[in-house]
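# Notes for the structure review
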Amino acid sequence: EKKQRVKGRSKDADGNPLPAVKGTIKDAEGVQVGESFFTDINAEYDRGTDHKGPGTMEFEKSGFQKKTIAVDIPEEETLVQDVELEPVVQPAPQP
């Protein structure tokens, strides 16, 4: 039984729900904790974790810039962490 939980929603820069975003929890040393997960069809996630205290959450999806957010997961509580992903900007073709 995981004692802590993280949950939230993923959206794009226009505020639209963004499903199938991959999330990863890392500890303060940058070591991955547990399995990565994905936001569901409603662009939501709710995940138990053994990690508590400071660390980061990484969110990524093809076509979008990877986002790393510093978090501090409270012991035996739930951290709500929403994420907004910006699209990858393609460089303009040179004439």
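Structure first, text after, so check above.
Computed from a predicted structure; not experimentally measured.

## Concerning the overall build of the protein chain
Check the secondary structure of the protein chain and you find zero helices and eight strands. Helices and strands in the protein chain line up, N terminus first, as β-β-β-β-β-β-β-β. With the C-alpha coordinates aligned to their principal axes, the bounding extent of the protein chain is approximately 55 × 30 × 20 Å. For the protein chain, with 95 residues in total, the buried portion stands at 35%. Partitioning the contacts of the protein chain with sequence separation of at least 6, the portion at a separation of at least 24 is 55%. Within the structure as shown, the protein chain displays about 6100 Å² of accessible surface, and the carbon and sulfur contribution to it stands at 47%. Put simply, the protein chain has 13 plus and 19 minus side-chain charges, and the middle of one group is 3 Å from the middle of the other.

## Focus: the pairing of strand β5 (residues 53-60)
As judged from the six bridges shared by strand β2 (residues 22-27) and β5, these two strands associate in the antiparallel manner. Directly across from Ile-25, in β5, lies its bridge partner Met-57. Here β5 runs beside strand β6 (residues 67-73); their pairing, made up of seven bridges, is antiparallel. Within the sheet, the bridge partner assigned to Met-57 lies in β6 and is Ile-69. Hairpin remark: β5 followed by β6, antiparallel, with six residues in the connecting loop; positive phi at Gly-63, about 90°.

## Here we look at the nonpolar core
Residues Val-6, Ile-25, Met-57, Phe-59 and Leu-85 are the most contacted members of the largest nonpolar core, which totals 16 residues. Of all the secondary-structure elements, those providing two or more residues to this core are β5, β6 and β8 (83-85). Looking at this core element by element, the count peaks at three residues for β6. Setting aside chain neighbours within four positions, we find Phe-59 in contact with Val-21, Lys-22, Gly-23, Tyr-45, Gln-65, Lys-66, Lys-67, Ile-69, Val-83 and Leu-85.

## Some points on the packing of aromatic side chains
The full count for this structure, using the stated rule, is two aromatic pairs. When the ring of Tyr-45 is compared with that of Phe-59, the centres are 5.9 Å apart and the planes differ by 50°; the resulting orientation is tilted. Taken together, the residues span a long stretch of sequence, with Tyr-45 in strand β4 (residues 44-49) and Phe-59 in strand β5 at a distance of 14 residues. Grouped by ring-pair contacts, the aromatic residues Phe-37, Tyr-45 and Phe-59 constitute a single cluster.

## Re the sheet that holds β6
A sheet is described by the order of its strands in space; here four strands give the open sequence β3-β2-β5-β6, paired in antiparallel fashion. Of all the strands in the sheet, the pair left with one neighbour each is β3 (37-38) and β6.

## Quick word on the pattern of salt bridges
For the structure shown, the criterion picks out five salt bridges. Note that Lys-26 is salt-bridged to Glu-58, the shortest N-O span being 3.3 Å. A residue pair is termed long-range when its members are at least 10 positions apart, and Lys-26 in strand β2 and Glu-58 in strand β5 qualify at 32 residues. By the burial criterion, Lys-26 is buried, and Glu-58 matches it. Linked through salt bridges whose partners overlap, the residues forming this network are Lys-26, Glu-58 and Lys-66.

Scoring rules and cut-offs
Residues numbered from 1 in each chain as written. Predicted model: local features only at pLDDT ≥ 70, side-chain atom pairs only at ≥ 80, totals over all residues. Heavy atoms only, no water. Helix = DSSP H or I, 4+ residues; strand = E, 2+ residues; numbered from the N terminus. Buried < 20%, exposed > 50% of the residue type's maximum accessible area, 1.4 Å probe, protein only. Contact = heavy atoms within 4.5 Å. Areas by Shrake-Rupley, 256 points an atom, 1.4 Å probe, with all protein chains shown as cover. Lys, Arg positive; Asp, Glu negative; His and termini not counted. Charge placed at Lys NZ, Arg CZ, Asp CG, Glu CD. Pairing = 2+ DSSP bridges. Core = buried A, V, L, I, M, F, W, Y, C linked by side-chain atoms within 4.5 Å. Phe/Tyr/Trp six-rings, centres within 6.5 Å; stacked < 30°, edge-to-face > 60°. Salt bridge = Lys/Arg side-chain N within 4 Å of Asp/Glu carboxyl O.

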